[in-house]
Amino acid sequence: MVSRPFWKGYLKLSLVTCPVALTPATSESEKVRFHTLNRATGNRIVSQYVDAVTGKHVEEDDEVKGYQRGEDDYVMLEEDEIEAVALESTRTIDIELFAPQKDIEWIWLDKPHYLTPDDPVGEEAFAVIRDAMATTHMVGIARLVMYRRERAVMLEPRGKGIVVWTLRFGDEVRDPGTYFDKLGNISPDQAALQLMQKLIDGRTKSWSPEMVRDPVQERLLEIIATKKKGRRRSAAQPKTEVPGKVVSIMDALRRSLAREARR
């Protein structure tokens, strides 16, 4: 089922503008979700906001956002004050600059969204921006208010549309050197490297979405289906294979290749 756009606005590059719609590229609606129940009654348990000091229930009208500036000291912000921070990027994706696509490392990419024209009149302008980026192998960088925060976003041409990736904030990405620089400079044995490459070749397949299916969710659905029919299904414990101590890399590789051949 086609999802509805959750944002509509304009794509802008200098004086070129066209109406567009933005839809999340991923979905979690198919995940198995559980409610917490009272075992004795079978009724759902509901959560409530309570005052951390008095322990009394707080009515929805009395709830307010607060920014902590010290211990037990908060600045209160009303909803209309938060909404009043009206930025141009609330309704416009204004491409500020372009960068080579290869320069944006994967670790900066956060959430993908599909960007499509929202009016037949604007399709030509949309296509010109999209195809120009594809031809030059560039991606556009803009800012957009999403999920109540102004985010830097990357526009990547993809087929007939554009994928808009929200980018992580600078303080969210840790420096890999902190973790990798202290590793030793180990050069693997060439014979072991060749055997490992052979093992990789034997397991190489074309990409398929089946590679990232969720077997745990599939088993949960089986259990739920069985319970719907009134039968009790025994919960089989998964067999965990404990790897043995590796004495020799070459020996482990040879045994691995032999096992792959038997399969």
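Refer to the structure printed above.
Bear in mind the structure is a predicted one, so any value in this text is a computation, not a measurement.

> Explain unusual backbone geometry to me, please; I cannot follow it from the model alone.
One non-glycine residue, Ser14, adopts positive backbone phi at about 60 degrees. Counting through the fold element by element, Ser14 comes out in the loop between β1 (7–13) and β2 (16–24). Look at Ser14 and you get exposed, because its relative accessible area is 55%. At Asp72, a position not held by glycine, the phi torsion is positive, near 55 degrees.

> Help me understand the pairing of strand β7 (residues 109–117), please; the structure alone is not making it clear to me.
The two faces of the sheet receive side chains in turn, since in a regular strand these alternate between them. Here 5 bridges tie β2 to β7, and the two strands are oriented antiparallel to one another. Within β7, the position partnered with Thr23 by the bridge is Tyr114. Judged from the 5 bridges that link them, β7 and strand β10 (residues 161–167) form a sheet pairing that is antiparallel. In the strand pairing of β10, His113 is matched with Val164.

> What is the right way to read the nonpolar core from this model?
Inside soluble globular proteins, nonpolar side chains tend to come together where they are buried. Counting residues in each nonpolar core, the largest one holds 19 residues, and the members touching the most others are Leu11, Ile93, Leu115, Leu155 and Ile162. Elements that contribute at least two residues to this core include exactly β1, β2, α2 (123–136), β8 (138–146), β9 (149–158) and β10. It is α2 that provides the largest number of residues to this core, a total of 4 residues. Core analysis: the second largest hydrophobic core is formed by 8 residues, Leu109, Val139, Met154 and Trp165 among them.

Analysis parameters
- Residues numbered from 1 in each chain as written.
- Predicted model: local features only at pLDDT ≥ 70, side-chain atom pairs only at ≥ 80, totals over all residues.
- Heavy atoms only, no water.
- Helix = DSSP H or I, 4+ residues; strand = E, 2+ residues; numbered from the N terminus.
- Buried < 20%, exposed > 50% of the residue type's maximum accessible area, 1.4 Å probe, protein only.
- Pairing = 2+ DSSP bridges.
- Core = buried A, V, L, I, M, F, W, Y, C linked by side-chain atoms within 4.5 Å.

In short, the description is geometric, and any link to function would need to be established separately.
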